[in-house]
Amino acid sequence: MVMSRTLVAWHDQPQLKAVAVVQMQRIAAYSGFRQGGQVLQDGRVGGGLHVCLCAQRLAEEQGVPVSVVLAAKDTVSWLDESTRLWGIPRVVGGLMDRCFERLAAHEAGRFAVAAIEAIPAGADLHSLGAQWTSELLADPREGVLRYTAEGSIQHRAVNQVIDLYRRTLAGDDPAPAEWTTAAQAAAQAAALADADEPGEPAGPPSCAAHTANLAAVAFAPDLVPMQVQVAAMRAATTVPDADAEAYHTAYLQTEAFAQAAHQASETVRAAADASFQTVLRPLQQAAERARTAERHQRRPDPRDAAALRQVRDAADTAAAACTHHYRWRANQLIESLTTAHTTPRE
């Protein structure tokens, strides 16, 4: 694989983007496009956007049918191939995959096309991962900060990481030691929140602090789990020596950003579950009686039936909150891609 410190989207070739757009439109319109991935039991997509994006090009390069490439897809580094073929950096490719795989199957194809169309030819995407992750933390309506109480240790810890991201995006790169300190503070804040509710699933404040911890780890590589560091070092051996350090950093950041995105989802899920449990607890016995009556094809007591409707409505609301989060972050990524800088770095 060939890396470049001046890598820009579509290798600054508009015609290359046009090829990718047409290809993704064709694949997304085909009802069997999931052969590049896999539809999971809950209706989501697994396997990756970049499998769909790169398989045809790889097949053409190798002179084999696409089915041959797909049969060996577990042996291909799809993010690296997307970088080589299309000029999409590993970090950005990882975020695209993360959004793609969490959307419902009927929405994933539209997202894939929109994301490809959004990337300007010649765009410098090197700061997009930080920009998108910053929004996961700080967005006033959707960011995880809102799940922490103002003045709490969790709120301060998340804000500490947000401040570092803002400095980074402004061009004032914090020292690695500052990221390490912020990551450790967020980890401690998450642990303290967990200690307040022993034996319970992690609550929103804990999940929010954990999200901030992982977001900070993206810039504190010494805190990345050893198995990820080893995998990054092994992967870096596939690139020229001059690019190995940059590739290694990108590999670690890709993993950290993906984990932060996952933990942000867990924050939303924890908040949704807490809201559901608030409704369920006083109604649980009545709802169970109504469900039992339904299973035995009996008419439930009207009060029990009303309780069951409330519980089901609360469950639907909780599920909708998670779905909304996945859609929001996918739209956020498309917006970030659309506005990406088209002046390459020196």
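Before any of the text, the structure's been laid out above.
The structure displayed is predicted, hence computed values, not measured ones.

About the criteria used
- Residues numbered from 1 in each chain as written.
- Predicted model: local features only at pLDDT ≥ 70, side-chain atom pairs only at ≥ 80, totals over all residues.
- Heavy atoms only, no water.
- Helix = DSSP H or I, 4+ residues; strand = E, 2+ residues; numbered from the N terminus.
- Rg over C-alpha atoms; globule rule 2.2 N^0.38 Å.
- Buried < 20%, exposed > 50% of the residue type's maximum accessible area, 1.4 Å probe, protein only.
- Contact = heavy atoms within 4.5 Å.
- Lys, Arg positive; Asp, Glu negative; His and termini not counted.
- Charge placed at Lys NZ, Arg CZ, Asp CG, Glu CD.
- Disulfide = S-S within 2.5 Å.
- Core = buried A, V, L, I, M, F, W, Y, C linked by side-chain atoms within 4.5 Å.
- Axes fitted to C-alpha atoms, helices over the stretch in contact; angles between N-to-C directions.
- Parallel < 35°, antiparallel > 145°, perpendicular 65-115°, else oblique.
- Left-handed = near helix turned anticlockwise from the far one by under 90°.
- Phe/Tyr/Trp six-rings, centres within 6.5 Å; stacked < 30°, edge-to-face > 60°.
- Lys NZ or Arg CZ within 6 Å of the ring centre and 35° of its normal.
- Salt bridge = Lys/Arg side-chain N within 4 Å of Asp/Glu carboxyl O.

Any chance you could break down the overall build of the protein for me, citing the residues and the numbers?
In terms of regular secondary structure, the protein is built from 13 helices and 2 strands. Relative to the globule expectation of 20 Å for 346 residues, the C-alpha radius of gyration of the protein, 22 Å, shows essentially globular dimensions. Considered along the principal axes of its C-alpha atoms, the protein spans approximately 70 × 50 × 35 Å. When each of the 346 residues of the protein is scored for burial, the buried share is 50%. Taking as baseline every contact in the protein between residues at least 6 positions apart, the subset at least 24 positions apart corresponds to 73%. When the 31 basic and 39 acidic side-chain charges of the protein are each reduced to a single mean position, those positions are 9 Å apart.

Lay out helix α7 (residues 128–138) with the relevant residues and their values.
Among the 11 residues that make up α7, 9 are buried, leaving the element largely enclosed by the rest of the structure. Contact partners of the buried residues in α7: α5 (90–102), α8 (153–169), α10 (204–217), α12 (241–295) and α13 (302–338).

Any chance you could break down the state of the cysteines for me, citing the residues and the numbers?
Using the criterion set out here, one finds 0 disulfides in the structure. As a non-bridged cysteine, C54 has C52 as the owner of its nearest cysteine sulfur, 9.7 Å distant.

For the nonpolar core, give the residues involved together with the corresponding values.
Counting 91 residues, the largest nonpolar core has F111 and Y165 as the members making the most contacts within it. Of all hydrophobic cores here, the second largest spans 12 residues; its members include F276, L280, A290 and A314.

Can you explain the packing of helix α9 (residues 176–196) against α10? Please cite residues and give values.
Between α9 and α10, the least distance of the axes is 8 Å, while the angle of their chain directions is 160 degrees. Considering their axes alone, α9 and α10 lie roughly antiparallel with respect to each other. Relative to α10, α9 is oriented so that their crossing is left-handed. Contacts between α9 and α10 involve W179, A182, A183, A186, A187, A189, A190, A193 and D194 on the former and, on the latter, P205, S206, A209, H210, A212, N213, A216 and V217.

Describe in detail the packing of aromatic side chains, supporting the description with residues and values.
The geometry of an aromatic ring pair is captured by two quantities: the separation of the ring centres and the angle between the planes. Under the definition given, this model contains 6 aromatic pairs. Seen in terms of ring centroids, Y165 and F219 are 5.6 Å apart; in terms of plane orientation they differ by 80 degrees. Their pairing is edge-to-face. On the criterion of sequence distance, the pair formed by Y165 in helix α8 and F219 in the loop between α10 and α11 (226–236) is long-range, its members being 54 residues apart. Of the residues examined, Y165 reaches a relative accessible area of 0% and is grouped as buried. Taken together through their ring pairs, the aromatic side chains of Y165, W179, F219 and F257 make up a single cluster. When the ring centre of W86 is taken as reference, the NZ or CZ atom of R57 above it lies at 4.7 Å.

Explain the environment of R327 residue by residue, including any values.
If you trace the backbone, R327 turns up in helix α13. A relative accessible area of 39% means that R327 is categorised as partly exposed. Separated by 224 residues in the primary sequence, R327 and L103 have C-alpha atoms spaced 6.9 Å apart.

Can you tell me about the pattern of salt bridges, naming the residues and giving the values?
Counted according to the given criterion, the structure contains 13 salt bridges. Ionic pairing is found between R167 and E178, a salt bridge with its closest N-O pair at 2.7 Å. Taken together, the positions of R167 in helix α8 and E178 in helix α9 put the pair 11 residues apart, joining distant regions of the chain. Of the residues examined, R167 reaches a relative accessible area of 26% and is grouped as partly exposed. With relative accessibility at 31%, the residue E178 sits in the partly exposed group. For R291, the salt bridge goes to E288, with nearest N and O atoms at 2.9 Å. Here R291 pairs with E288, and both are found in helix α12, just 3 residues apart, close to one helical turn. With a relative accessible area of 34%, E288 lands in the partly exposed category.

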